[in-house]
Amino acid sequence: MASRFYLFFSLSLLLLTHSPSNSQSNQFCEAGIGYGEVGCGLSSSTKLLIKGGTVVNAHHQEVADVYVEDGIIVAVKPDLKVTDDVKVIDATGKFVMPGGIDPHTHLAMEFMGTETIDDFFSGQAAALAGGTTMHIDFVIPVNGSLIAGLESYEEKAKKSCMDYGFHMAITKFDDSVSRDMEIMVKEKGINSFKFFLAYKGSLMVNDELLLEGLKRCKSLGALAMVHAENGDAVFEGQKRMIQLGITGPEGHALSRPPLLEGEATARAIRLAGFVNTPLYVVHVMSIDAMEEIAKARKSGQRVVGEPVVSGLVLDDSGLWDSDFATASKFVMSPPIRAAGHNKVLQGALSNGVLQLVGTDHCVFNSTQKAFGIDDFRKIPNGVNGIEERMHLVWDTMVESGQISINDFVRVTSTECARVFNIYPRKGAIIAGSDADIIILNPNSSFEINARSHHSRTDTNVYEGRRGKGKVEVTIAGGRVVWENNELKVVPGSGKYIEMPPFNYLFSGIDKADASYLSSLNAPVKRSKSTT
């Protein structure tokens, strides 16, 4: 990686005195509601100059031009000069930022007797329209097999139109799973494993399995992730609601209150501390869970907290809507919480207790949601967000003054790249980085509705929401794929991004282990008793 960056640093210096070579073309096709087939397309230059914008990275911003060639950022400097064969985009008065990275999605996922409505083409097309240029999806094992699960998702991802990576879920643990985890890390570019503490009877793992998984993650330098809800207690809560005659969507939230999220978060944190391995808590939805993360981080434990955009901007009022179709679209796990939790989560994001924003994009249409019209336990869990995340975080957090523009880049892109060990290839606008770039106009406005979004679902949990700050251009791999409210993508053009183990969170773990061992003052030498 280092040699690659030295190479492009040299190229950036040469750019001032050398003209770019002739441009090449590539195939794109416009993605509408029905989505096109491979073969339609437009030519597009492989050379691009973004001129006059304010380039924003997580820790720095400057007015500069950005020159891109063959999918790589070659130079970031003021007043770059290029020849006529380079496509020029004027970004004056706008922000030029790294494309968003969504750390938490479920595309083409089989779940609760159905499959999410967005696949690896429609979901990614929606992401690009919203300024997200990479996502990390969760591979679900097939009958507990990691290898079979990965093969299934590799097939699903063949229609990808942007870069993506994989996490791997662990649903059982034995010697074969342990061996496969090593293959995933060392050969397949997967550096994170997720453990569900919820969904009893399907995905849920017990504490014994979690401990084994945490130890294996540590030995491989892989990041352990948890869905933190007490699955046994949730199962009891569901039975309680049914006994009370509460069968509608509101029963979903009532059956799994915040204290069950807080308990599971605390338990996972303590077990990770016992093993001394970093922990990533997905979709932090409640004050209860956030406080456990805050306490752990204050004590020095390496815990990453991921809020999702639905938990940051919504409250649970929609679940009590008298129309089932409206109420059911808000069903997700952990649930969207009562008003107040979202504001506290925003504060935790602004002060660094929570580090990066995902979506848990896991979308089912109204027909699928209706599977649970007489029993909330049968409503497929999940909401949208992959297209809306960047706009809503900007409007909610930046426009309100809760975070800076640099922090916006950090929580939507850079920190994800760092946590999953692909920075600075991703998450930065510097020479040598991948040309995944957005141009955001802070003076433009957006409006969200199901009629105009690019997801295949027929509902949107952010329906009617308006705000300031619009992504006007998305560039993925050096190609302009979103401009003038037009989306041009082609299935099969996305790339799988391998993510190496031992991210920055593992630095010093070995020293902490050594310190712990030296502190034991054991075993104590004792004289043997005699009879």
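Keep in mind it's a predicted model, so treat the numbers as computed, not measured. For every chain, the first residue of the written sequence is number 1, and numbering continues from 1 onward in sequence order. Totals for whole chains, interfaces and linings use every residue, but because this is a predicted model, local features are given only for residues with pLDDT of at least 70 and side-chain atom pairs only at 80 or more, for both listing and counting. Hydrogens and water molecules were not included; the side-chain quantities draw on all heavy atoms of the structure.

Student: When you look at the overall build of the protein in this model, what are you seeing that I'm missing?
Tutor: Strands are runs of DSSP state E lasting at least two residues, helices are runs of H or I lasting at least four, and both sets are numbered from the N terminus onward. Counting its secondary structure elements, the protein contains 16 helices and 19 strands. Projected onto the principal axes, the alpha-carbon positions of the protein cover approximately 95 × 65 × 45 Å. Across the 531 residues in the protein, those meeting the buried criterion constitute 59%. Counting contacts in the protein only where the partners sit at least 6 residues apart, residues at least 24 apart contribute 77% of the total. Calculation of accessible area relied on Shrake-Rupley with a 1.4 Å probe; when residues are assessed, cover is drawn exclusively from the protein chains displayed. When the accessible surface of the protein is totalled, it reaches about 21,000 Å², and 50% of it is carbon and sulfur. Under this rule, positive means Lys or Arg and negative means Asp or Glu; His and the chain ends count for nothing. Where a charge lies is defined by one atom per residue type, namely NZ (Lys), CZ (Arg), CG (Asp) and CD (Glu). Of the charged side chains in the protein, 52 are positive and 62 negative, and the gap between their average positions amounts to 6 Å. Exposure categories follow from relative accessible area, calculated using a 1.4 Å probe and restricted to protein chains: below 20% of the type maximum is buried, above 50% is exposed, and the middle band is partly exposed. Two residues form a contact once any of their heavy atoms are found within 4.5 Å.

Student: Could you clarify how one ought to interpret the environment of Gly99 in this entry?
Tutor: Within the secondary structure, Gly99 is located in the loop between β6 (95-98) and β7 (100-105). Between the C-alpha atom of Gly99 and that of Ile429, which follows or precedes it by 330 residues, the distance is 9.3 Å. Setting aside anything within four residues of it in sequence, one finds Gly99 in contact with Gly131, Thr133, Ser413, Asp436, Ile437 and Ile438.

Student: Is there a simple way to think about the side chain of His454 in this case?
Tutor: Within the secondary structure, His454 is located in the loop between β16 (437-447) and β17 (466-476). Under the relative-accessibility criterion, His454 is labelled buried at 14%. Definition of a polar contact: a pair of N or O atoms within 3.5 Å, with one able to donate and the other able to accept a hydrogen when the atoms are protein atoms, and with sequence-neighbouring residues admitted only if both atoms are side-chain atoms. In this structure the side chain of His454 is engaged in a polar contact, spanning 2.8 Å, whose partner is the side chain of Glu387.

Student: What exactly am I supposed to notice about the UniProt feature "domain: Amidohydrolase-related" (unreviewed entry) in the protein here?
Tutor: UniProt positions are given in the numbering used here, feature names are shortened, and annotations may be inferred rather than shown by experiment. As recorded in UniProt, the sites labelled "domain: Amidohydrolase-related" (unreviewed entry) are residues 95-481. Counted over residues 95-481, helix gives 37% and strand 18%. Its end C-alpha atoms are 17 Å apart.

Student: How do you make sense of the side chain of Lys369 when you look at a structure like this?
Tutor: Among the secondary structure elements, Lys369 is positioned in helix α13 (residues 366-369). Here Lys369 sits buried without a salt bridge, and the closest side chain of opposite charge, Asp458, lies 9.8 Å off (N-O distance). Engagement of the side chain of Lys369 in a polar contact is seen with the backbone oxygen of Val331, the distance being 3.1 Å. Not counting the four nearest positions on each side in its chain, Lys369 is found in contact with Phe324, Ser328, Lys329, Val331, Phe364, Ile379, Pro380, Asn381 and Gly382. Here, a salt bridge means any Lys or Arg side-chain nitrogen found within 4 Å of an Asp or Glu carboxyl oxygen.

Student: Any chance you could explain the packing of aromatic side chains here in plain terms?
Tutor: Describing an aromatic ring pair means giving the distance of the ring centres and the angle of the ring planes. Two aromatic rings from Phe, Tyr or Trp, using only the six-membered ring of Trp, form a pair when their centres are within 6.5 Å; if the ring planes differ by under 30 degrees the pair is stacked, by over 60 it is edge-to-face, and anything between is tilted. Taken as a whole and judged by the stated rule, the model has 13 aromatic pairs. With centroids separated by 5.1 Å and ring planes inclined at 85 degrees, the aromatic side chains of Trp394 and Phe408 adopt a geometry described as edge-to-face. Separated by 14 residues along the polypeptide, Trp394 in helix α14 (residues 389-398) and Phe408 in helix α15 (residues 405-419) bring together distant segments of the chain. We note that Trp394, like Phe408, is buried. In this structure an aromatic cluster arises from ring pairing among Phe120, Tyr153, Tyr164, Phe166 and Tyr496. Above the face of the Phe138 ring, Lys194 is positioned so that its terminal group lies 4.2 Å from the ring centre. Placement of a charge over a ring requires the Lys NZ or Arg CZ to be within 6 Å of the ring centre, with the centre-to-atom vector within 35 degrees of the ring normal.

Student: It is not clear to me how helix α5 (residues 207-220) should be interpreted in this structure. Could you clarify?
Tutor: Owing to its 3.6 residues per turn, the α-helix brings residues three or four apart onto one side. Here the expected length of a helix is defined as 1.5 Å per residue gap, with one fewer gap than residues. In this model α5 runs 20 Å from its N-terminal to its C-terminal C-alpha over 14 residues, within 8% of the 20 Å that 1.5 Å per residue would give. Within the sequence span of α5, burial applies to Leu209, Leu210, Gly213, Leu214, Arg216, Cys217, Lys218 and Leu220. Turning to α5, the residues buried within the fold contact α4 (175-187), β12 (192-196), β13 (223-227), α8 (258-275), β14 (279-281) and α16 (509-519). For α5, the side-chain oxygen to backbone nitrogen distance between the N-cap and Glu208 is 3.2 Å, and the N-cap itself is Asn206. Gly221 occupies a position one or two residues after α5 and carries a positive phi of about 70 degrees.

Student: Where do I start with the pairing of strand β10 (residues 132-139) in this structure?
Tutor: It is a general feature of regular strands that their side chains alternate between the two faces of the sheet. For β10, a buried count of 8 out of 8 residues is recorded, marking the element as mostly surrounded by other parts of the structure. What makes two strands pair is DSSP finding at least two bridges between them. Both β7 and β10 contribute to a ladder of 4 bridges, which runs parallel. Each bridged residue has a counterpart across the sheet, and for Gly100 the counterpart in β10 is Thr132. Strand direction decides the pairing type here: β10 and strand β11 (residues 163-169), joined by 6 bridges, are parallel. Among the inter-strand pairings, Val139 is bridged to a residue of β11, identified as Met168.

Student: Honestly, the nonpolar core in this entry has me stumped. Any pointers?
Tutor: Most often, soluble globular proteins keep nonpolar side chains buried together rather than apart. Here the nonpolar core consists of buried residues drawn from Ala, Val, Leu, Ile, Met, Phe, Trp, Tyr and Cys, with membership extended through side-chain atoms lying within 4.5 Å. In terms of nonpolar packing, the biggest core is built from 113 residues, with Met97, Phe166, Met168, Ile170, Phe193, Phe195 and Leu279 touching the most fellow members. Not counting chain neighbours up to four residues away, the residues in contact with Phe193 comprise Leu146, Met168, Ile170, Met181, Met184, Val185, Cys217, Ala222, Leu223, Ala224 and Met225.

Student: Help me out: how do you make sense of the packing of α5 against α8 in this one?
Tutor: Each pair of packed helices can be described by the angle between their axes along with the distance between the axes. Axes, fitted as lines to C-alpha atoms, cover a helix only where it is in contact. Angles between the N-to-C directions of the axes lie from 0 to 180 degrees. Between α5 and α8, whose axes approach to 10 Å, the crossing angle comes to 45 degrees. In terms of orientation, α5 lies oblique with respect to α8. Crossing of α5 against α8: the hand is right-handed. Note on element contacts: α8 touches α5 through Arg267, Leu271, Ala272, Phe274 and Val275, opposite Asp207, Leu210, Leu211, Leu214, Lys215 and Lys218. Considering only residue class, the contact of α5 with α8 consists of 7 nonpolar, no polar and 4 charged. Here the angle decides the label: under 35 degrees means roughly parallel, over 145 means roughly antiparallel, 65 to 115 means roughly perpendicular, and every other value means oblique. Working rule for handedness: look at the near helix, and if it is turned counterclockwise from the far one by less than a right angle, call the crossing left-handed; if clockwise, right-handed. Gly falls in the polar group here, along with every residue not listed as nonpolar (Ala, Val, Leu, Ile, Met, Phe, Trp, Tyr, Cys, Pro) or charged (Asp, Glu, Lys, Arg).

Student: Which parts of the structure should I look at to understand the packing of helix α3 (residues 146-156) against α4?
Tutor: Packing of α3 against α4 brings their axes to within 9 Å, and their N-to-C directions diverge by 40 degrees. Taken as axis vectors, α3 and α4 run oblique relative to one another. Where α3 abuts α4, its residues Leu146, Ile147 and Leu150 lie against Val177, Asp180, Met181, Ile183 and Met184. For the contact of α3 with α4, the per-class residue count stands at 7 nonpolar, no polar and 1 charged.

Student: Is there a simple way to explain helix α9 (residues 287-298) in this structure?
Tutor: In this model, α9 (12 residues) spans 16 Å end to end at C-alpha, consistent with the 16 Å of a helix rising 1.5 Å per residue. For α9, the set of buried residues is Ala289, Met290, Glu292, Ile293 and Ala296. An end-on view of α9 places all buried positions within 160 degrees of arc, on one side of the element. In this fold, the buried residues of α9 make contact with α8, β14, β15 (303-305) and α12 (341-350). Arc definition: it is the arc formed by the directions from the helix axis to the C-beta atoms.

Student: What exactly am I supposed to notice about a nonpolar patch on the surface here?
Tutor: In this scheme, patches are assembled from residues that exceed 30% relative accessible area and form no salt bridge. Like charges are connected within 9 Å, while nonpolar side chains (Val, Leu, Ile, Met, Phe, Trp, Tyr) are connected within 5 Å. Together, Tyr516, Leu517 and Leu520 line one region of the surface with nonpolar side chains, adding up to about 330 Å² of accessible area. Classification of Leu520 as partly exposed rests on a relative accessible area of 40%.

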